[in-house]
Amino acid sequence: MVGTLRLAVAQSTVPEDPGDGAAIRAAGEEVRALMREAAGAGARLVQFPEGALVYPHKRVVATGPDGTGVPADWTGAAWDVLREEAQRIAALAGELGLWTVFGSLHPLTPPRRPHNSLYVLSDHGDLVARYDKRFLSNTELSYLYTPGRPEPTVFDVDGVRFGLAICIEANFPTLFAEYERLNVDCVLLSVMVDDPARATVAQAYGTLYNYWLGYAVPAQYAANVPSGIVAPGGRWLTRAPADNRPALALTDLDLHPTDPDIDIALRYARPWRRLARAGLYTDHLADGDPRSQSRTAF
């Protein structure tokens, strides 16, 4: 049915050394194993964490002998391995008929630093979009990455519209408000952080904007906050096991829900809040009423 989709949100083990080809290949194998599991569970789309193939730790690539930050040296990165693993993931997405969103580095022309990106693969295995992290931390901007252009990324699967965000971008509410204005039904937020507060912020966007939100974390951080899916209205619908193992959280997104809480969030709360932000109250103000204008009497 158009407007109905089963979403899988993965927690996979994220390596932190871009020069470790063996670790990157192991990460790629784990991603593909979870893709097969997601397809077997009936998922149409699977989301992976930030840097699912590799998220370079600053101590590995951007720290000098004295422990201070230095510009990253990307010449030792296993770019060929990263490209091969991405191509294998794309081939499997086409084989399984599974839309796949995963994080990795995207190289630019040297000496430019790479983007920190999410790749979007269609169910035919085609690369249909790439989201480059727009808001970087001070360390990322100073030593590691090139920021992405300011435009959001939106794509549609089976009548369900998705937006993308990465990690620290959870701290920028305007980004998530923009996705609401673009009629996004679900934001996929992929992170590489062990931070329960960030998951709470992500949950709040489900409350504020009444869309679904996929929250993908690395498996090594899942004991504190596992991957999961937030419903419109703000409650967690499902969570992966909190045991630091690769796993999935799965749920059905339905734009015509039978769940009463989600139905209220989609049909009433979201349209009402749009009206409220658009000047709904202007004609109801008490302009000209002296009792309203006075600030010196009870």
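Basis of the calculations
- Residues numbered from 1 in each chain as written.
- Predicted model: local features only at pLDDT ≥ 70, side-chain atom pairs only at ≥ 80, totals over all residues.
- Heavy atoms only, no water.
- Helix = DSSP H or I, 4+ residues; strand = E, 2+ residues; numbered from the N terminus.
- Rg over C-alpha atoms; globule rule 2.2 N^0.38 Å.
- Contact = heavy atoms within 4.5 Å.
- Phe/Tyr/Trp six-rings, centres within 6.5 Å; stacked < 30°, edge-to-face > 60°.
- Buried < 20%, exposed > 50% of the residue type's maximum accessible area, 1.4 Å probe, protein only.
- Lys NZ or Arg CZ within 6 Å of the ring centre and 35° of its normal.
- Pairing = 2+ DSSP bridges.
- Axes fitted to C-alpha atoms, helices over the stretch in contact; angles between N-to-C directions.
- Lys, Arg positive; Asp, Glu negative; His and termini not counted.
- Salt bridge = Lys/Arg side-chain N within 4 Å of Asp/Glu carboxyl O.
- Patch = residues over 30% accessible without salt bridge, like charges linked within 9 Å, V, L, I, M, F, W, Y side chains within 5 Å.
- Areas by Shrake-Rupley, 256 points an atom, 1.4 Å probe, with all protein chains shown as cover.
- Expected span 1.5 Å × (residues − 1).
- Bend = angle between axes of the 7 residues up to and from the residue.
- Polar contact = N/O pair within 3.5 Å; in protein donor to acceptor, adjacent residues only side chain to side chain.

**Remarks on the overall build of the protein chain**
Then comes step 1: Along its length, the protein chain carries 8 helices and 12 strands.
Then comes step 2: Scaling as 2.2 N^0.38, a compact globule of 298 residues should have a C-alpha radius of gyration of about 19 Å, and the protein chain matches this with 21 Å.
Then comes step 3: The principal-axis extents of the C-alpha atoms in the protein chain amount to approximately 75 × 50 × 35 Å.
Then comes step 4: For the protein chain, the proportion of contacts with a sequence separation of at least 24, taken over those separated by at least 6, is 68%.

**Quick look at the packing of aromatic side chains**
Then comes step 1: Counted by the stated rule, this structure contains 10 aromatic pairs.
Then comes step 2: Look at Phe135 and Phe172: their rings are 4.1 Å apart centre to centre, the planes differ by 25 degrees, and that puts the pair in the stacked class. Of this pair, Phe135 sits in the loop between β5 (127–132) and α4 (138–144) while Phe172 sits in the loop between β7 (160–166) and α5 (173–181), and the two are 37 residues apart along the sequence.
Then comes step 3: The exposure class of Phe172 is partly exposed, given its relative accessible area of 28%.
Then comes step 4: Ring geometry for Phe155 against Phe162: centres 5.5 Å apart, planes inclined by 20 degrees, an arrangement best described as stacked.
Then comes step 5: Residue Phe155 is classed as buried on the basis of its relative accessible area, which comes to 6%.
Then comes step 6: A relative accessible area of 0% means that Phe162 is categorised as buried.
Then comes step 7: Here a set of aromatic residues connected by ring pairs shows up, and it is made of Phe176, Tyr205, Tyr209 and Tyr211.
Then comes step 8: Just above the ring of Trp236 sits the side chain of Arg239; from NZ or CZ to the centre is 3.7 Å.

**Here we look at the sheet that holds β5**
Then comes step 1: Here 6 strands make up an open sheet; going across it, the order is β5-β4-β3-β2-β1-β12 and the pairing mixed. Of all the strands in the sheet, just β5 and β12 (247–254) have a single pairing partner and so form its edges. On average, each strand axis in the sheet is tilted by 25 degrees relative to the strand beside it, whichever way the strands run.
Then comes step 2: Judged from the 5 bridges that link them, strand β4 (residues 115–121) and β5 form a sheet pairing that is antiparallel. Bridge pairing links Leu121 to Leu127 in β5.
Then comes step 3: Where helix α3 (residues 79–96) meets the sheet, it contacts β3 (99–106) and β4, and its direction lies at approximately 175 degrees from that of β3.

**A few points about the side chain of Glu30**
Then comes step 1: Mapped onto the elements of the fold, Glu30 is located in helix α1 (residues 21–40).
Then comes step 2: Arg245 provides the closest opposite charge to the buried, salt-bridge-free Glu30, at an N-O distance of 11 Å.
Then comes step 3: Filtering out sequence-adjacent residues up to four positions away, Glu30 remains in contact with Ser12, Thr13 and Pro246.

**Here we look at a nonpolar patch on the surface**
Then comes step 1: Taken together, the side chains of Trp272, Leu275, Tyr281 and Leu285 define a hydrophobic patch exposed on the protein surface, amounting to about 450 Å² of accessible area.
Then comes step 2: Relative to the helices and strands, Tyr281 resides in the loop between α7 (260–277) and α8 (290–293).
Then comes step 3: On the basis of relative accessible area, Tyr281 is assigned to the partly exposed category, the value being 44%.

**Some details on α7**
Residues separated by three or four positions in an α-helix point in the same direction, a consequence of the helix having 3.6 residues per turn.
Then comes step 1: Between its first and last C-alpha, α7 extends 24 Å over 18 residues, near the 26 Å set by a 1.5 Å rise per residue.
Then comes step 2: At Leu266, α7 shows its maximal kink, close to 35 degrees.
Then comes step 3: Packed against the buried residues of α7 are α5, α6 (196–209), β9 (212–216), β11 (236–239) and β12.
Then comes step 4: Put simply, Asp259 is the residue that caps the front of α7, since its side-chain oxygen is 2.9 Å from the backbone nitrogen of Asp261.
Then comes step 5: Gly279, located one to two residues past α7, shows a positive phi value of around 100 degrees.

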